[in-house]
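This is what each chain is made of:
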Amino acid sequence: MLYGIISDIHANLPALEAVLARLRDCGADRILCLGDIVGYGASPNECCTLLGELGGALIRGNHDDAAVHPGKEEDFTPPAARCIQWTRRQLTQASHDLLASLETPKLVDGIGICHGSWPDQNLYTTSPRDAVLSMSAMQAPLGFFGHTHYAEWYEADGPDAWPREIVAPDGGECSLVEGRLYFINPGSVGQPRDGNSCAAYATYDDQARQVKLERVPYNVKAAQNAIVAAGLPMKMATRLLLGI
Ligand code: ZN
């Protein structure tokens with residue numbers, strides 16, 4: 001089985017289409033989506049429809065949660081909260097129902113998938129200390145997370161070993177070794193923050209026991225134009241070109 005792993009789409013349709021085209025081309029059998037389908041970007045319904053039709057495993061991110069639970073955006077920065085309020089007004093009933101149905105975390109075919117961390121969708125995993133919280137709790141040797149929009153992975157020699165952090169904003173290959181634990185962030189499809197403006201995703205080949213972190217260029221200008229046309233905060237458009 002070849003899994004396509006995506007996270008933090010943030011309503012960026014050109015980026016999602018570019019990633020899904022790549023995953024189709026490489027023969028991915030199943031999509032695992034780590035949350036934040038909506039928020040920031042201008043195409044929430046289109047992204048919900050595309051992902052809903054794929055029939056993969058989807059989990060909830062904090063933006064998906066806030067989009068269907070008025071008041072939850074109060075914890076967000078003011079521009080992010082404005083985006084969520086805009087998103088809420090755009091959602092079709094079908095998109096709303098899809099987002100409201102999402103849960104987190106999940107074990108899929110023995111693979112852990114979560115948004116920020118295994119115990120808490122809102123917690124950012126940015127250090128080995130953070131990673132231990134999830135790696136010790138998820139009851140699986142391999143897990144994926146998102147939320148930081150930063151492509152990287154944590155690798156521990158065993159359940160009692162301290163994990164190493166390997167950053168991979170330009171992509172990377174992680175060959176899984178029996179007995180080791182892995183907690184991997186594919187990066188963000190729709191709003192990368194690791195300095196690489198290309199859309200990020202990962203594949204996991206369970207026969208070859210290999211995870212590849214990949215990037216694909218997409219039409220950033222089209223995503224920016226849609227954000228500006230929707231009247232969303234300008235910062236959400238400018239940051240896409242910088243990958244921040
Ligand atoms: Zn996000």
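Parameters at a glance
Residues numbered from 1 in each chain as written. Predicted model: local features only at pLDDT ≥ 70, side-chain atom pairs only at ≥ 80, totals over all residues. Heavy atoms only, no water. Core = buried A, V, L, I, M, F, W, Y, C linked by side-chain atoms within 4.5 Å. Buried < 20%, exposed > 50% of the residue type's maximum accessible area, 1.4 Å probe, protein only. Helix = DSSP H or I, 4+ residues; strand = E, 2+ residues; numbered from the N terminus. Contact = heavy atoms within 4.5 Å. Donors = N, O, S within 2.8 Å, 3.2 Å for Na, K, Ca; no water. Tetrahedral: all angles 85-135°; square planar, octahedral: opposite > 155°, others 65-115°. Patch = residues over 30% accessible without salt bridge, like charges linked within 9 Å, V, L, I, M, F, W, Y side chains within 5 Å. Areas by Shrake-Rupley, 256 points an atom, 1.4 Å probe, with all protein chains shown as cover. Salt bridge = Lys/Arg side-chain N within 4 Å of Asp/Glu carboxyl O. Pairing = 2+ DSSP bridges. Axes fitted to C-alpha atoms, helices over the stretch in contact; angles between N-to-C directions.

S.K.: How should I be thinking about the nonpolar core in this particular structure?
M.R.: Here is a general trend for soluble globular proteins: nonpolar side chains tend to be buried in one another's company. Ranked by internal contacts, the top residues of the largest apolar core, which has 44 residues, are Ile 6, Ile 37 and Leu 99. When residues in this core are grouped by element, the largest group, seven residues, is from helix 1 (residues 13-25). Setting aside residues up to four positions removed in sequence, Ile 6 forms contacts with Leu 16, Val 19, Leu 23, Ile 31, Leu 32, Cys 33, Leu 34, Leu 51, Val 189 and Tyr 201. Ile 59, Phe 144, Tyr 182 and Ala 202 belong to the second largest nonpolar core, which has 22 residues in total.

S.K.: Help me out: how do you make sense of the side chain of His 63 in this one?
M.R.: As for its position among the elements, His 63 is in helix 3 (residues 62-68). Residue His 63 is classed as buried on the basis of its relative accessible area, which comes to 5%. Excluding anything up to four places from it in sequence, His 63 contacts His 10, Asp 36, Val 38, Gly 39, Tyr 40, Phe 76, Ala 80 and Ile 84.

S.K.: Honestly, the coordination of the zinc ion in this entry has me stumped. Any pointers?
M.R.: Ideal coordination angles are 109.5 degrees for a metal with four donors arranged tetrahedrally and 90 or 180 degrees for a metal with six donors arranged octahedrally. Coordination sphere of the zinc ion, protein contribution only: Asp 8 (OD), His 10 (NE2), Asp 36 (OD) and His 149 (NE2), at 2.1 to 2.5 Å. For the zinc ion, the four donor atoms in the first shell make angles of 89 to 175° at the metal, so the coordination geometry reads as irregular. Between consecutive donors of the zinc ion, the numbers of intervening residues give the motif D-x1-H-x25-D-x112-H. Pair noted here: Asp 8 is in the loop between strand 1 (2-6) and helix 1 and His 149 is in the loop between strand 6 (142-144) and strand 7 (152-156), with a separation of 141 residues, a long-range link. No difference in accessibility class separates Asp 8 from His 149, as the two residues are buried.

S.K.: Help me understand a nonpolar patch on the surface in this model?
M.R.: Together, Leu 241, Leu 242 and Ile 244 make up a nonpolar patch on the protein surface, roughly 310 Å² of accessible area in all. With respect to the helices, strands and loops of the structure, Leu 242 is situated in helix 8 (residues 234-242).

S.K.: What should I look at first to understand the sheet that holds strand 1 in this one?
M.R.: Two strands in a sheet stick together by hydrogen bonds in their backbones, pointing the same way (parallel) or opposite ways (antiparallel). Overall, mixed pairing links the six strands, which are arranged 3-2-1-11-12-9 in an open sheet. Strand pairing shows two members of the sheet lacking a second neighbour, strand 3 (57-58) and strand 9 (172-175), which therefore form its edges. As defined by bridge partners, strand 9 adjoins strand 12 (residues 210-216) across four bridges and the pair is classed as antiparallel. Its bridge partner lying in strand 12, Gly 172 is registered against Leu 213. Along the sheet face, helix 1 touches strand 1, strand 2 (30-33), strand 11 (199-205) and strand 12 and points at about 25° away from the line of strand 11.

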